[in-house]
Number of protein chains: 2
Amino acid sequence: MALVVQKFGGTSCAGIARLKNVAQKVIKEKKAGHDVVVILSAMAGETDRLINLAYEAAENPDPLEYDALISTGEQVTVTLLSIILNSMGYPARSMLGFQVPILTDGVATKARIMSINVDRIKQELKKGKVVVIAGFQGVDRENNINTLGRGGSDTSAVAVAAALQADWCDIYTDVDGVYTTDPGICPQARRLKKISYDEMLEMARAGAKVLHPRSVELAKKYNVPVYVKSSFTDEGGTLVTKEDEEMEGEVVSGVTYDRDQAKITVVHVPDKPGIAARLFSALADKNIVVDMIIQNASIDNYTDLSFTISRKDVKVAAEVIKVVASDIGASSVQIDENVAKVSIIGVGMISQPGVASRMFTALAKEGINIMMISTSEIKISCVIQSKYTELAVMVLHEAFGLDKKN
Amino acid sequence: MALVVQKFGGTSCAGIARLKNVAQKVIKEKKAGHDVVVILSAMAGETDRLINLAYEAAENPDPLEYDALISTGEQVTVTLLSIILNSMGYPARSMLGFQVPILTDGVATKARIMSINVDRIKQELKKGKVVVIAGFQGVDRENNINTLGRGGSDTSAVAVAAALQADWCDIYTDVDGVYTTDPGICPQARRLKKISYDEMLEMARAGAKVLHPRSVELAKKYNVPVYVKSSFTDEGGTLVTKEDEEMEGEVVSGVTYDRDQAKITVVHVPDKPGIAARLFSALADKNIVVDMIIQNASIDNYTDLSFTISRKDVKVAAEVIKVVASDIGASSVQIDENVAKVSIIGVGMISQPGVASRMFTALAKEGINIMMISTSEIKISCVIQSKYTELAVMVLHEAFGLDKKN
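Rules used throughout
Residues numbered from 1 in each chain as written. Chains lettered and ligands numbered in written order. Predicted model: local features only at pLDDT ≥ 70, side-chain atom pairs only at ≥ 80, totals over all residues. Helix = DSSP H or I, 4+ residues; strand = E, 2+ residues; numbered from the N terminus. Rg over C-alpha atoms; globule rule 2.2 N^0.38 Å. Contact = placed C-beta atoms within 7 Å. pLDDT = per-residue confidence, 0-100. Nonpolar A, V, L, I, M, F, W, Y, C, P; charged D, E, K, R; others polar. Axes fitted to C-alpha atoms, helices over the stretch in contact; angles between N-to-C directions. Parallel < 35°, antiparallel > 145°, perpendicular 65-115°, else oblique. Buried ≥ 20, exposed ≤ 12 C-beta atoms within 10 Å, placed from the backbone. Arc of directions from axis to C-beta. Expected span 1.5 Å × (residues − 1). Least-squares fit on C-alpha atoms with pLDDT ≥ 70 in both. Pairing = 2+ DSSP bridges.

A. Region of the structure containing the overall build of chain A. The helix and strand tally for chain A stands at 13 helices and 18 strands. The C-alpha atoms of chain A give a radius of gyration of 23 Å, which matches the 22 Å a tight globule of 406 residues would have. With respect to the principal axes defined by its C-alpha atoms, chain A has extents near 75 × 55 × 30 Å. Within chain A, residue pairs in contact and separated by at least 24 positions form 75% of the contacts whose partners lie at least 6 positions apart.

Written as structure tokens, this is what we have:
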């Protein structure tokens, strides 16, 4: 008998018929003799409906009230699933953030989980009940409702699994696992049976949408085995777990891409201490996250500085940077929104020489110019012209033989 | 400076525009220098939408889960109003049942309030905040969410006002006060400036819809002055308060009617001890509430027994009663669904002789036959044929001069 945590996303919870399908997944585990804790998102679209109401009520909704408002979405799905399970003869009890309780740090709209008291969950499990917990929410020390921000329900699920020392955590979503790359772009994409936490983390950060980086970090920290599965089929699935020998044998596990990229270059900057600090402090003040930064070698005490940001931030960033650029004596600011980032990811890279050159060669063969490069221990990212995104993904997928491995 | 509790019903909360109107009513009291605590219902229609979801999920939804589901309706309105008030420069904080906390007795779907801890409310008021409390909900000792059943938000409002020893409680609704009778039937109906708790209670029980009897009982018990007002106009209003000399000077304050009545007669019953007990225990077992009961004087040791119930219960009651009737040797069971109850209510009745005969005479003049009569200290009710309802209301309104008083 195992203790299993199952998490279902918004698409899986959209409507009574889909919640009845969720109930079947729960019952399957109960029939296998396991204890089951379920974490749910709100019905797809419901959180957006509530957010729209908040912004109809005020231009800048009070964050605590906003959180208490949008947290009702999960309250609806957990109670409905519990109603369904009870009516099917499987006793269930829903729990909201304050009922567990899941204690948060009090930062409205993007709270972090501080601790989870598992006593009441265990009490209900001992009675043979399925416990259905609202994802995305917790309460702070003053009993204010906080939400966890993007990817919050994944984070709730992994945190509850960690606190309960669950045997594993199933993340049910609308795809049947983690792929070597986006099957929508590359038909040769292959589902991975296993992937390491670090690779999953880099993939999530580099643009893969399947799991939120926060939940992967948490899974890694507490060593929770996470299965990514589809709500709509029993086939497939990918296990996210710690590295093993098998994984290390592979050089590259996946290719990701991110089109939400814009490149800004500050041209002909006097190469003096403090210049970069001034530029990036100005961006940080506007809450703009900078991804890659490249500074060319200095020629005659002048240099060029390039960085990438999310496209939605281009307008604000341009205004800020133009002011700073003129202050520091740069000659001009160039903005390129027609860029994308492609990345290769794999724990095997660490011990394998020549991975980078293989990547650059593959791209060069197709005439794809590399505008920026950044590397980590298990990832190499290149910024390229966005019109080459699909081509780059396909040639890299082939260059590292991702369609062939098993 | 006073402490004011304001309660707004579902029609007043239906949509952002109406909630902004509610905010104006709150701000008016704040500008007058008062502390304000607001109690809200869910948006009109929202509770029904959630109830439908529950019954779509299961034929007999688990009551605790059902309560946690439908309580989200009030969570949405209180957070939205708080967002609106904060954005208008009036700091506000919403509170749900568990946040106050409002402690209930654990009876799902029809809980009673056991106690209200006012510390946190007072704390927020001291900071100058408007406190916006979700009506209709509380939590039991295990932190399960309970709802208070029909009229729950009125009850929440009066209970909070009592616990806070508020100076008064405004109940905002879609009518501008309590009338001598239904203005929809009788154009001469006059708004009462004042009415006693007992009269209001009898009116509510006798069919007037404006306040739920539970909230009036509570207001009487804790002597909370309650103003019934309209959300949509600043005019009018009725004060519900304890009796005073002025009220006692009036014989009759109002005429009510209730069309949700059915009369059942068990004919030719042997007049033996225990017969009535058997009949009414059988109905109680089916949760059927009996309103009036009349037993005729016995002739030759046989009697007829009549009683009224709600029309929705007729089918179940008929089945139950037919079985019992044959057991106890009654000759037949007659069911009449074409009946209605008209009542006159007034604290002045106690000291005034001839009130009943004036009522019967007025009805008789119009040829309206009285089928059943029941009286309390401050109320006389008659069951009549339902087709005479409007006529009876009008002649009684005139007979007691209700259109003329002030």
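Next comes the rest of the account.
B. Examining the confidence of the model for chain A more closely. Per-residue confidence for chain A gives a mean pLDDT of 93; residues scoring 70 or more make up 99%. For this predicted complex, the interface confidence comes out at an ipTM of 0.85, alongside a pTM of 0.87.

C. Spatial organisation of the interface of chain A and chain B. In this complex, chain A contributes 29 residues to the contact, which on the side of chain B involves 28 residues. For the side of chain A that touches chain B, the secondary-structure elements that each account for two or more residues are helix H1 (16-31), helix H2 (46-57), helix H3 (63-70) and helix H4 (72-87) of chain A. Among the elements that take part in the side of chain A that touches chain B, H4(A) stands out by supplying 10 residues, more than any other. Grouping the constituent residues of the side of chain A that touches chain B by class yields 15 nonpolar, 10 polar and 4 charged.

D. Quick look at the packing of helix H7 (residues 197-205) of chain A against helix H8 (residues 213-221) of chain A. Residue and element names in this part refer to chain A. For the pair H7 and H8, interaxial distance at closest approach is 9 Å and the crossing angle is 170°. Overall, the two elements H7 and H8 adopt an arrangement that is roughly antiparallel. Contacts between H7 and H8 pair Tyr197, Met200, Leu201, Ala204 and Arg205 from the former with Pro213, Val216, Glu217, Ala219 and Lys220 from the latter. Within the contact of H7 with H8, the residues separate by chemical class into 7 nonpolar, no polar and 3 charged.

E. Spatial organisation of helix H10 (residues 275-285) of chain A. Residues and elements named next belong to chain A. Taken together, the buried positions of H10 are Ile275, Leu279 and Leu283. Down the axis of H10, the buried side of the element spans an arc of 60°, and every buried residue falls inside it. Exposed and facing more than 90 degrees away from the buried side of H10 are Ala277, Arg278, Ser281, Ala284 and Asp285. Those residues of H10 that are buried lie in contact with strand E13 (254-270), strand E14 (290-295), strand E15 (302-309) and helix H11 (314-328).

F. Spatial organisation of H4(A). Residue and element names in this part refer to chain A. Between its first and last C-alpha, H4 extends 23 Å over 16 residues, near the 22 Å set by a 1.5 Å rise per residue. When you tally the buried positions in H4, you get 15 out of 16 residues, the bulk of the element. Gly89 lies just past H4 and shows a positive phi near 90°.

G. Highlighting the relation of the copies chain A and chain B. Mapping chain A onto chain B leaves a residual RMSD of 0.1 Å; the transformation is a rotation of 180° accompanied by 0.1 Å of translation along its axis. Classification of the inter-copy transformation places it as that of a two-fold axis. Considering only C-alpha atoms, the residue of chain A closest to the rotation axis is A:Thr72, which sits at 2.9 Å. Interface residue correspondence from chain A to chain B reaches 97%, placing this contact among same-surface, isologous pairings.

H. Fine view of the environment of A:Ile378. Residues and elements named next belong to chain A. Considering the arrangement of structural elements, one finds Ile378 in the loop between strand E17 (372-376) and strand E18 (379-385). Each C-alpha atom, one on Ile378 and one on Gly348, is 7.4 Å from the other, the two residues being 30 residues apart in sequence. Ignoring sequence-local partners within four residues, the contact set of Ile378 consists of Asp198, Glu199, Glu202, Ile345, Gly346, Val347, Met349 and Ile350.

I. Broad picture of unusual backbone geometry. With an omega dihedral of -15°, the bond running from A:Val100 to A:Pro101 counts as a cis peptide bond. The topology assignment puts A:Pro101 in the loop between strand E3 (92-95) and strand E4 (102-104). One non-glycine residue with positive phi stands out, namely B:Asp300, at about 55°. Assignment of secondary structure puts B:Asp300 in the loop between strand E14 (290-295) and strand E15 (302-309). Judged by local crowding, B:Asp300 falls into the exposed class, with 7 C-beta atoms found within 10 Å.

J. The arrangement of the sheet that holds strand E10 (residues 194-196) of chain A in detail. Residue and element names in this part refer to chain A. What the 8 strands build is an open sheet, ordered E3-E6-E2-E1-E9-E11-E12-E10; its pairing is mixed. Single-partner strands in this sheet number two, and they are E3 and E10. Sheet twist, expressed as the mean angle between neighbouring strand axes with direction ignored, is 20°. Where helix H6 (residues 152-164) meets the sheet, its contacts fall on strand E1 (3-8), strand E2 (35-40), strand E6 (130-134), strand E9 (168-173) and strand E11 (226-230), and the angle it forms with E1 comes to roughly 175°.

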